[in-house]
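Chain and residue survey
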Amino acid sequence: MQEDKTDSNGISSLNSVYAKINGSKALGSESQNYPLTQPKLSAPTIMANNVQSLGLNQIKRHIFLCADQTKPKCCSKQASLESWNYLKRRLKELKLDKKNSYGSSLIFRTKANCLRVCADGPIMVIYPDGVWYRQAKPSVIERIIQEHLIGNKVVEEYAITIHPLPETAHSVAKDLEKKNLSSG
Ligand code: FES
């Protein structure tokens with residue numbers, strides 16, 4: 001089989017592959033050019049797709065973890081990243097990052113640069129419960145996942161404070177939801 005001729009960017013090779021998949025001639029051969037990229041989607045389409053694929057309208061809890069800080073204060077950057085990677089991996093393994101059949105999902109996670117507590121970290125907060133945790137290293141995160149996220153019981157040993165979001169926030173959100181539904 002003949003090798004594709006490839007320039008320094010590998011462009012010819014990509015074109016050949018594209019052409020083979022489509023049963024056509026490669027870019028640069030006599031007659032036809034083929035686009036290498038998908039047609040551009042509009043911003044509203046991209047947003048709508050992402051809202052759908054991320055399940056933003058089904059989120060039950062949102063976790064913020066202080067990680068990958070610009071100025072690491074509550075713990076080292078490396079320790080924070082270990083925690084972040086552990087959290088991501090375990091949520092995925094347990095399918096808690098997706099809507100599931102046993103009703104405890106969907107849990108969203110966000111890496112925060114600094115949650116302003118800046119001691120005894122990594123610091124983590126879970127909303128809407130409003131539970132702030134200290135020392136959120138992997139072993140503690142595992143307990144938080146099992147006991148809090150799945151068992152609905154705060155891991156008191158590591159909780160700094162508990163402050164669920166005020167009722168007013170819920171009623172504002174409900175009003176907005178009603179307005180959106182009636183106008184849509
Ligand atoms: S650096 Fe972690 S909370 Fe500020």
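The present account deals with the structure reproduced in this document. Here the structure is a predicted model, which means the values were calculated and not measured.

1. Here's the deal with the overall build of the protein chain
When its secondary structure is counted, the protein chain shows five helices and five strands. Ordered by position from the N terminus, the helices and strands of the protein chain form the series α-α-β-α-β-β-β-α-β-α. In the protein chain, which comprises 184 residues, the share counted as buried stands at 19%. Put simply, 54% of the contacts in the protein chain that link residues at least 6 apart link residues at least 24 apart.

2. What about the sheet that holds strand S5 (residues 159-162)?
Read from one edge to the other, the open sheet built from five strands follows the order S2-S1-S3-S4-S5, with strand pairing classed as mixed. Looking at the sheet topology across the chains shown, the edges are occupied by strand S2 (107-112) and S5. Averaged over neighbouring strand pairs, the angle between their axes works out to 20° when direction is ignored. As paired elements, strand S1 (residues 61-66) and S2 share six bridges and run parallel to each other. Residue pairing in the sheet places Phe 64 in a bridge with Thr 110 of S2.

3. A look at the nonpolar core
With 24 residues, the main nonpolar core has Ile 63, Leu 65, Leu 87, Ile 107, Met 124, Tyr 133 and Ala 136 as its most contacted residues. Counting residues per element, the ones that place at least two in this core are S1, helix H3 (77-93), strand S3 (124-127), strand S4 (131-133) and helix H4 (138-150). Those residues within four positions of Met 124 in sequence are excluded, and the remaining contacts are Ile 63, Phe 64, Leu 65, Tyr 133 and Ala 136.

4. Here we look at unusual backbone geometry
Gly 121 connects to Pro 122 through a cis peptide bond whose omega is -5°. Here the amide bond leading from Tyr 127 into Pro 128 is cis, since omega sits at 10°, within 30 degrees of zero. Note on placement: Pro 128 falls in the loop between S3 and S4. The backbone phi angle of Cys 118 is positive, close to 60°, even though this residue is not glycine. As for its position among the elements, Cys 118 is in the loop between S2 and S3. On the basis of neighbour count, Cys 118 is assigned to the partly exposed category, with 15 C-beta atoms found within 10 Å. A positive phi angle, near 50°, is found at Gln 135, a position not held by glycine. Mapped onto the secondary structure, Gln 135 falls in the loop between S4 and H4.

5. As for the environment of Ile 107
Relative to the helices and strands, Ile 107 resides in strand S2. Along the primary structure Ile 107 and Lys 92 are separated by 15 residues, whereas in three dimensions their C-alpha atoms are 9.9 Å apart. In contact with Ile 107, not counting residues within four places along its chain, are Lys 60, Arg 61, Ile 63, Leu 91, Leu 96, Asp 97 and Leu 149.

6. As for H4
Remark: the principal bend of H4, roughly 30°, maps to Ile 144. Listed in full, the buried residues belonging to H4 are Ile 141, Ile 144, Ile 145, His 148 and Leu 149. As for H4, its buried residues are in contact with S1, H3, S2, S3 and S4. After H4 finishes, the residue Asn 152 shows a positive phi value of roughly 55°.

7. A look at the pairing of S1
For a regular strand, side-chain orientation follows a simple rule: the groups alternate between the two sheet faces. Note: S1 against S3, four bridges, orientation antiparallel. The partner of Ile 63 across the bridge, within S3, is Ile 126.

Each value, and the rule that gives it
- Residues numbered from 1 in each chain as written.
- Predicted model: local features only at pLDDT ≥ 70, side-chain atom pairs only at ≥ 80, totals over all residues.
- Helix = DSSP H or I, 4+ residues; strand = E, 2+ residues; numbered from the N terminus.
- Buried ≥ 20, exposed ≤ 12 C-beta atoms within 10 Å, placed from the backbone.
- Contact = placed C-beta atoms within 7 Å.
- Pairing = 2+ DSSP bridges.
- Axes fitted to C-alpha atoms, helices over the stretch in contact; angles between N-to-C directions.
- Core = buried A, V, L, I, M, F, W, Y, C linked by C-beta atoms within 7 Å.
- Bend = angle between axes of the 7 residues up to and from the residue.

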